[in-house]
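Understanding the architecture of this molecule
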Amino acid sequence: MTTQPPEPSPRPAPSGELRASHDDREAVVEQLRDAAAEGRIDFGELDSRLEQALTAKTHAELAVLTADLPRLTSPENQSPLVLKGGLYGASRGPGRWEVPGHVIARGGLGGVKIDFTRVECRRTEVTVEAYGETSGVTIVIPDAWAADTSGMDPGVGGLTDKTTPDRLPGTPLIRLTGSGGAGGVAIRHPDRRERRKLHDNPAQG
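Here goes a summary of the coordinates provided. Just so it is clear, the model here is predicted, and its values are computed rather than measured.

**Examining the nonpolar core**
Counting 23 residues, the largest nonpolar core has Ile114, Phe116, Val128, Ile139, Ile174 and Leu176 as the members making the most contacts within it. Setting aside residues up to four positions removed in sequence, leucine 176 forms contacts with Val128, Ala130, Ile139, Asp148, Thr149, Gly151, Met152, Leu159, Val185 and Ile187. By size, the runner-up hydrophobic cluster in this structure holds 14 residues, among which are Ala35, Ile41, Leu62 and Leu69.

Now the structure itself:
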């Protein structure tokens, strides 16, 4: 009786030939829109590439559409922004600055203030890990943003949350974690003085 050789197992497809999912296509669409907003491609080219992205069947077809664009930094691989109050305090803002997905603030002896009122943030969520320590941490967010403070330990100094739950679509959620320590942590919208400065010195486009 003749033994038949086993049939060869199917070879895995090269990565570029793998079928693209809805999420894969949507990620490329978002990258193309960002590139157009930054002036890297014009709107005619954007329309053409978007049409190709939405009908792409494989990863290779999608890769061609973004091959000449800068690679996006994955939020998971981006280092957190660390602010330490030390003896003299520390602050970030109210000018424009790049917002990472994770901010760590330690109040120290001088305190820390984080002001998001003039930033342009495309993220849907930003984690702020705040430790009030001796002199506390203050976080200021625009009126259109909202905060989730459920993961915060108020500590001895407490947590002061003066934000409203009204959040506009497309704006980030600040997810606050950490501990109030002795100095406490406060998160709020701009006060009267800060609003006056925002009105007198509007952000330049």
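**Some thoughts on the pattern of salt bridges**
Counted by the stated rule, this structure contains 10 salt bridges. For aspartate 68, the salt bridge is made with arginine 49, and the minimal N-O distance between the two is 3.0 Å. Of this pair, aspartate 68 sits in the loop between α3 (59-66) and β1 (81-84) while arginine 49 is found in helix α2 (residues 43-55), placing the two residues 19 residues apart along the sequence. Judged by its relative accessible area of 53%, aspartate 68 is exposed. A salt bridge links arginine 96 to glutamate 120; its shortest N-O distance comes to 3.4 Å. Pair noted here: arginine 96 is in the loop between β2 (90-92) and β3 (102-106) and glutamate 120 is in the loop between β4 (112-115) and β5 (125-131), with a separation of 24 residues, a long-range link. In this structure arginine 96 comes out as partly exposed when scored by relative accessible area, which is 48%. Taken together, the shared-partner salt bridges in this structure form one network comprising Lys113, Arg188, Asp191 and Glu194.

**Focus: the sheet that holds β3**
Each strand in a sheet pairs with its neighbour through backbone hydrogen bonds, running either in the same direction (parallel) or in the opposite one (antiparallel). Spatially, β1-β3-β5-β9-β7 is the arrangement adopted by the 5 strands of the open sheet, whose pairing is parallel. The two strands at the open ends of the sheet, each matched to only one other strand, are β1 and β7 (146-153). Neighbouring strand axes in the sheet, compared pairwise and without regard to direction, differ in orientation by 15° on average. Relative to strand β9 (residues 173-179), β5 is paired through 7 bridges, and the arrangement is parallel. Of the residues in β9, the one forming a bridge with alanine 130 is glycine 178.

**Some points on a nonpolar patch on the surface**
There is a patch of nonpolar side chains on the surface, built from Leu87, Tyr88 and Leu109 and spanning about 430 Å² of accessible area. Mapping leucine 87 onto the fold places it in the loop between β1 and β2. When its relative accessible area of 61% is taken as the criterion, leucine 87 is described as exposed.

**Considering the packing of aromatic side chains**
According to the stated counting rule, one finds 2 aromatic pairs in the structure shown. On the numbers, 5.2 Å between centres and 35° between planes, the contact of tryptophan 97 with phenylalanine 116 is tilted. With tryptophan 97 in the loop between β2 and β3 and phenylalanine 116 in the loop between β4 and β5, the pair connects residues that are 19 residues apart, well separated along the chain. Using a relative accessible area of 10% as the deciding quantity, one classes tryptophan 97 as buried. Taking 5.6 Å as the distance between ring centres and 45° as the angle between the ring planes, the aromatic pair formed by phenylalanine 116 and tryptophan 145 counts as tilted. Of the two residues, phenylalanine 116 is situated in the loop between β4 and β5 and tryptophan 145 in the loop between β6 (137-140) and β7; the sequence distance between them amounts to 29 residues. Over the aromatic face of tyrosine 131 sits the side chain of arginine 106, whose NZ or CZ is 4.5 Å from the ring centroid.

**Topic: α3**
Among the residues making up α3, those that are buried are Leu62, Leu65 and Thr66. Seen end-on, α3 carries its buried residues on one side only, within an arc spanning 85°. Structurally, α3 contributes buried residues whose contacts are with α1 (22-37) and α2.

**Quick word on the pairing of β6**
For a regular strand, side chains alternate in direction, first toward one face of the sheet and then toward the other. Sheet topology places β4 next to β6; 4 bridges connect them, and they run parallel. Note that in β6 the partner of lysine 113 across the bridge is threonine 138. By the bridge criterion, 4 bridges tie β6 to strand β10 (residues 185-188) in an arrangement that is parallel. Its bridge partner being in β10, valine 137 is matched across the sheet by valine 185.

Definitions and limits used
Residues numbered from 1 in each chain as written. Predicted model: local features only at pLDDT ≥ 70, side-chain atom pairs only at ≥ 80, totals over all residues. Heavy atoms only, no water. Core = buried A, V, L, I, M, F, W, Y, C linked by side-chain atoms within 4.5 Å. Buried < 20%, exposed > 50% of the residue type's maximum accessible area, 1.4 Å probe, protein only. Contact = heavy atoms within 4.5 Å. Salt bridge = Lys/Arg side-chain N within 4 Å of Asp/Glu carboxyl O. Helix = DSSP H or I, 4+ residues; strand = E, 2+ residues; numbered from the N terminus. Pairing = 2+ DSSP bridges. Axes fitted to C-alpha atoms, helices over the stretch in contact; angles between N-to-C directions. Patch = residues over 30% accessible without salt bridge, like charges linked within 9 Å, V, L, I, M, F, W, Y side chains within 5 Å. Areas by Shrake-Rupley, 256 points an atom, 1.4 Å probe, with all protein chains shown as cover. Phe/Tyr/Trp six-rings, centres within 6.5 Å; stacked < 30°, edge-to-face > 60°. Lys NZ or Arg CZ within 6 Å of the ring centre and 35° of its normal. Arc of directions from axis to C-beta.

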